Amino acid sequence: MAERRILNGNAAIAEAIRQINPDVVAAYPITPSTAIVEYIAKFVADGLMTTEFVTPESEHSAMSMCIGSSAAGARVFTATASQGLALMFEMLYIASSLRLPIVAGIANRALSAPINIHGDHSDTMGARDSGWIQIYSENSQEAYDNVIQAFRIGEHRDVSTPVMVGMDGFILSHAVQDMLVEEDDKVKAFVRERNPLYSILDVDNPITVGPIDFTDYYFEHKRSQFVGMENAPEVILEVAEEFKKEFGREYGFFELYKMDDAEVAIVLLGSTAGTAKEVVDELREKGRKVGLVKIRVYRPFPAKELADVLSNLKAVAALDRAASPGAVGGPLFTDLRASLYEYEKRPIIVDYIYGLGGRDIAPKHIAEVYERLEKIAATGERGELIGYINLRE
Amino acid sequence: MRKMGWKELPPGAINPWAGNFMEVKTGSFRGGLKPVFHEEHCIHCLFCWVFCPDNAIIVKEGKMVGINYDYCKGCGICTVECPTSPKSLTMEKEELQL
């Protein structure tokens, strides 16, 4: 029987890792993901895991060790956040281009300066072109479920691509929630054994990993790398289907909340979905046709599936918990707007930057966004393309 | 050599062809100077073979017999280390192979 537990996001991810018992965990502590690493260290010390737990001198080294271990055929996990993920940056690209299915748990946190330890999506959004699959979580349960599925998705031989699972720093990483922890044996059976594409320890088939390419081969190798990402959508849905059969909880590329007859909608990722659902419920009681799309899989971006859902709406707002200075808007907004370009009938779409450095977003702020969307829908007048929520002038 | 297309490449940019660097003729790196072997002065001490940073000194049955220009990059280290007088290895001009 699954056990009902009260866990914060860090503990939830650590529980998943205890059950999966990867061959190697190499991680460097950084707020707000530190507790994931602390829990794992304790599990290993207490004999609850047989994982080779490595404590390197930096996140750059942590990811380098993950890469070496994964290239040897090991199942590998790491956890980090913010500056830590930023320090891993060059190794992130190497992990994905070597097609190594490392799983990383990220407690999403703002990037300096000013120094700030609180939650926003600047860290993972900065790594959105690194070739990693990105999955975002709304609560502890999803963080736990997503990490379990991440191993199956990334390690699928057609995918062989690293996966980062995001959860909002502090809001999820440090807030306790009621959730289900599945049985150890069931989780172990679900994740199976890793069957790697290649291994540097296979002495009968010697290989070189990470050789140099000049102008004659780099482009071809890059193109062949993208196949993993292109195969990911099908595998993500397969794994979700199997997960539902085994554990009963349903996952897809995104979650639709009261979208059936919605005329306007907010699209976002992460913990803010919980707040937005409350607001949608309240407004629905008043007869207003509002809905919510919570994106779970951000890379690969489910462009067509999202556009199919959104193209018949009148107005849509993307809520970006990360800024992209000098771009047309936040990362979610630009992806969303580009996806809708394929459709002749498409909604008016606006962007909001919110919650940077952990700035609170309250139900009233979300209600104001819906109000504006309804005004846009009624008048056809868009107004400002990019707005900021709960920011002092 | 025919170059492979992206669909033919092994995943993860790995190189499964152990030792295939022999196929890469790095001698094209030479920039206008090449070592020339004068057998009549050679004492077969094999300093050139020891010091060559590539594998461009051809040795047969313990004797220096010549230079493999497929890999020699023209660094000139062999001519500096050569202890004979006059030198049995000297750098000489060559036409650039462009």
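Remarks on the overall build of chain B
Next up, step 1: Within chain B, the regular secondary structure consists of two helices and four strands.
Next up, step 2: Written out in order from the N terminus, the α and β elements of chain B read β-α-β-β-α-β.
Next up, step 3: Its C-alpha atoms give chain B principal-axis dimensions of roughly 55 × 30 × 15 Å.
Next up, step 4: Here chain B, with 98 residues, has 15% of them falling under the buried criterion.

Regarding the sheet that holds strand β14 (residues 348–353) of chain A
Residues and elements named next belong to chain A.
Next up, step 1: Within the open sheet, the six strands sit side by side as β9-β11-β10-β13-β14-β15. Their pairing is mixed. Looking at the sheet topology across the chains shown, the edges are occupied by β9 (254–257) and β15 (386–388). Taking each pair of neighbouring strands and ignoring which way they run, the sheet shows an average axis angle of 20°.
Next up, step 2: Two strands pair when backbone bridges link them, and strand β10 (residues 264–268) and strand β11 (residues 290–295) are joined in this way by five bridges, in the parallel orientation. Following the sheet pairing, A265 is matched in β11 by G291.
Next up, step 3: The sheet contacts of helix α10 (residues 272–285) involve β9, β10, β11 and β13 (315–320), and relative to β11 the element is tilted by about 165°.
Next up, step 4: Contacts from helix α12 (residues 331–340) reach β10, β13 and β14, with the element oriented near 150° to β13.

Description of the environment of K258 of chain A
Residue and element names in this part refer to chain A.
Next up, step 1: The topology assignment puts K258 in the loop between β9 and β10.
Next up, step 2: Residues K258 and F214 lie 44 residues apart in sequence; the distance between their C-alpha atoms is 52 Å.
Next up, step 3: Beyond its immediate stretch of four places on either side in the chain, K258 contacts V280, R284, G291 and L292.

Observations regarding the sheet that holds strand β5 (residues 103–108) of chain A
Residues and elements named next belong to chain A.
Next up, step 1: An order of β3-β2-β4-β5-β7-β6-β12 is seen for the seven strands of this open sheet, with the pairing classed as mixed. Looking at which strands have only one partner, the edges of the open sheet turn out to be β3 (52–54) and β12 (297–299). Taking each pair of neighbouring strands and ignoring which way they run, the sheet shows an average axis angle of 20°.
Next up, step 2: As paired strands, β5 and strand β7 (residues 163–168) are joined by six bridges and run parallel to one another. For N108, the partnering residue across the bridge sits in β7 and is D168.
Next up, step 3: Its contacts with the sheet put helix α1 (residues 9–20) on β2 (24–26), β4 (76–80), β5 and β7, and the angle it makes with β5 is roughly 175°.
Next up, step 4: The sheet contacts of helix α3 (residues 59–71) involve β2, β3 and β4, and relative to β4 the element is tilted by about 165°.

Here we look at the environment of M125 of chain A
Residues and elements named next belong to chain A.
Next up, step 1: Its place among the elements puts M125 in helix α6 (residues 122–126).
Next up, step 2: Assessed through the 23 C-beta atoms surrounding it within 10 Å, M125 is described here as buried.
Next up, step 3: Taking the C-alpha atoms as reference, M125 lies 7.2 Å from P331; in sequence the two are 206 residues apart.
Next up, step 4: For M125, the contacting residues outside a window of four places in its chain are A322 and P331.

Thoughts on the domain arrangement of chain A
Residues and elements named next belong to chain A.
Next up, step 1: Examined at the domain level, chain A breaks down into domain 1 (3–247) and domain 2 (254–388).
Next up, step 2: A C-alpha centroid distance of 28 Å is found between domain 1 and domain 2.
Next up, step 3: With 25 residues of domain 1 at the contact, the number on the domain 2 side is 20 residues.
Next up, step 4: Counting residues per element, the ones that place at least two in the side of domain 1 that touches domain 2 are α6, β6 (133–136), β7 and α9 (218–247).
Next up, step 5: Looking at the side of domain 1 that touches domain 2, its residues break down into 13 nonpolar, eight polar and four charged.

Quick notes on the interface of chain B and chain A
Next up, step 1: The interface of chain B with chain A comprises twelve residues on the first partner and 17 residues on the second.
Next up, step 2: Broken down by class, the residue content of the side of chain B that touches chain A amounts to eight nonpolar, three polar and one charged.

Reading the values: the criteria
- Residues numbered from 1 in each chain as written.
- Chains lettered and ligands numbered in written order.
- Predicted model: local features only at pLDDT ≥ 70, side-chain atom pairs only at ≥ 80, totals over all residues.
- Helix = DSSP H or I, 4+ residues; strand = E, 2+ residues; numbered from the N terminus.
- Buried ≥ 20, exposed ≤ 12 C-beta atoms within 10 Å, placed from the backbone.
- Pairing = 2+ DSSP bridges.
- Axes fitted to C-alpha atoms, helices over the stretch in contact; angles between N-to-C directions.
- Contact = placed C-beta atoms within 7 Å.
- Domains from an automatic or database assignment.
- Nonpolar A, V, L, I, M, F, W, Y, C, P; charged D, E, K, R; others polar.

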